[in-house]
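One-letter residues, chain by chain:
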Amino acid sequence: MLNIILFGPPGAGKGTQAEKLIDKYGLIHLSTGDLLRTEIAKETALGIEAKKLIDKGELVPDEVVIEMIRHEVEKHLDSNGFIFDGFPRTTVQAKKLDEMLANEGIDVDIMISLVVEDEIVIKRILKRGQLSGRSDDQSVGTIKNRLDTYNRQTAIVEERYKGRNKHRYVHGMGTIDETFDYIVKEINKLKK
Ligand code: ADP
């Protein structure tokens, strides 16, 4: 199995790169943002609660996303592996992910952080908001809150995987294909 965490601030391009990686390596894409948006679209109780937090640029509670991920991991244990996109976003989530995988005799192979400057991220998200209508992508205020949440609660998760020599930075400000090439190079190094 090949298990990858795609990391980086909102708008770094995690979803875009995840789509290309699933094509190349036949992995299962697990995006907590996508899973939450499905709940919102279905207007479930969970979705309605989550939307309030998402629109403020805050995180939804750890237990909620952990259980979503657990459910998806259990469904796909016979796959080639997983791409975790937008998860883990807190230290608690990272611990739970590691435990969950260890219970199945698997592990995170690599965490790749896409490095993108804040100004570029803000521009990209506003453009995405115009195309998709995503409510949390519409205002600079919400986007700045998300960056702030990232810096306060999420960025620290890198340290966990750095400590295990499983963390790599990848330049994320070039074209989609350039970024993809850098990611693939890092993944291919794992196989040697
Ligand atoms: P982006 O990468 O642009 O932030 P996502 O789709 O990953 O977009 O996430 C959208 C929102 O969903 C986040 O701002 C947050 O409110 C919520 N969310 C997504 N994943 C998580 C998570 N792992 N933990 C807590 N909240 C999350």
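Here, the structure is the one placed above.
So, about the overall build of the protein chain. Per the secondary structure count, the protein chain includes nine helices and five strands. For a compact globule of 192 residues, the expected C-alpha radius of gyration is about 16 Å, and the protein chain comes in at 16 Å, within 12% of that figure. With respect to the principal axes defined by its C-alpha atoms, the protein chain has extents near 45 × 35 × 30 Å. The burial tally for the protein chain puts 45% of its 192 residues in the buried class. A separation threshold of at least 6 residues defines the contact pool for the protein chain, and within that pool the share at least 24 residues apart is 74%. Of the roughly 9,900 Å² of accessible surface on the protein chain, a fraction of 51% belongs to carbon and sulfur atoms. Of note, the protein chain has its 30 positive side-chain charges centred 3 Å away from the centre of its 32 negative side-chain charges.

Near the ligand lie 20 residues; those nearest to it are Thr32, Glu58, Arg89, Arg128 and Arg146. Between the ligand and Arg89, the relevant distance is 2.8 Å, taken from an oxygen atom to a side-chain nitrogen or oxygen of the residue. In this structure, Arg146 approaches the ligand through a side-chain N or O atom, which is 2.8 Å from an oxygen atom. Taken by itself the ligand offers 550 Å² of open surface, and the protein chains cover 96% of this. Within the shell around the ligand, the residues separate by chemical class into seven nonpolar, five polar and eight charged.

Ranked by internal contacts, the top residues of the largest apolar core, which has 25 residues, are Ile5, Val73, Phe84, Leu97 and Tyr161. With five residues, helix H4 (residues 62–75) is the largest single contributor of residues to this core. Not counting chain neighbours up to four residues away, the residues in contact with Phe84 comprise Ile4, Ile5, Leu6, Leu30, Ile69, Val73, Leu97 and Leu101. Formed by 23 residues, the second largest nonpolar core is a distinct cluster that contains Ile4, Ala12, Tyr25 and Ile110.

The next subject is the packing of aromatic side chains. By convention here, two paired aromatic rings are described through the distance between centres and the angle between planes. Per the counting criterion, the structure on display carries two aromatic pairs. Between the aromatic rings of Phe7 and Tyr150, the centroid separation amounts to 5.9 Å while the plane-to-plane angle is 45°, which identifies the pairing as tilted. Taken together, the residues Phe7 in strand E1 (residues 4–7) and Tyr150 in helix H7 (residues 140–154) connect sequence positions 143 residues apart. Each member of the pair, Phe7 together with Tyr150, is buried. Both rings, one in Phe82 and one in Phe84, keep their centres 5.7 Å apart while their planes meet at 35°; by these two values the pair is tilted. The pair formed by Phe82 and Phe84 is uniform in burial state, with each residue classed as buried. Lys20 extends its terminal NZ or CZ atom over the ring of Phe180, reaching a point 4.9 Å from the ring centre. If you follow Lys24 out to its NZ or CZ, it ends over the ring of Tyr25, 5.8 Å from the centre.

Definitions and limits used
- Residues numbered from 1 in each chain as written.
- Predicted model: local features only at pLDDT ≥ 70, side-chain atom pairs only at ≥ 80, totals over all residues.
- Heavy atoms only, no water.
- Helix = DSSP H or I, 4+ residues; strand = E, 2+ residues; numbered from the N terminus.
- Rg over C-alpha atoms; globule rule 2.2 N^0.38 Å.
- Buried < 20%, exposed > 50% of the residue type's maximum accessible area, 1.4 Å probe, protein only.
- Contact = heavy atoms within 4.5 Å.
- Areas by Shrake-Rupley, 256 points an atom, 1.4 Å probe, with all protein chains shown as cover.
- Lys, Arg positive; Asp, Glu negative; His and termini not counted.
- Charge placed at Lys NZ, Arg CZ, Asp CG, Glu CD.
- Near = heavy atom within 4 Å.
- Polar contact = N/O pair within 3.5 Å; in protein donor to acceptor, adjacent residues only side chain to side chain.
- Nonpolar A, V, L, I, M, F, W, Y, C, P; charged D, E, K, R; others polar.
- Core = buried A, V, L, I, M, F, W, Y, C linked by side-chain atoms within 4.5 Å.
- Phe/Tyr/Trp six-rings, centres within 6.5 Å; stacked < 30°, edge-to-face > 60°.
- Lys NZ or Arg CZ within 6 Å of the ring centre and 35° of its normal.

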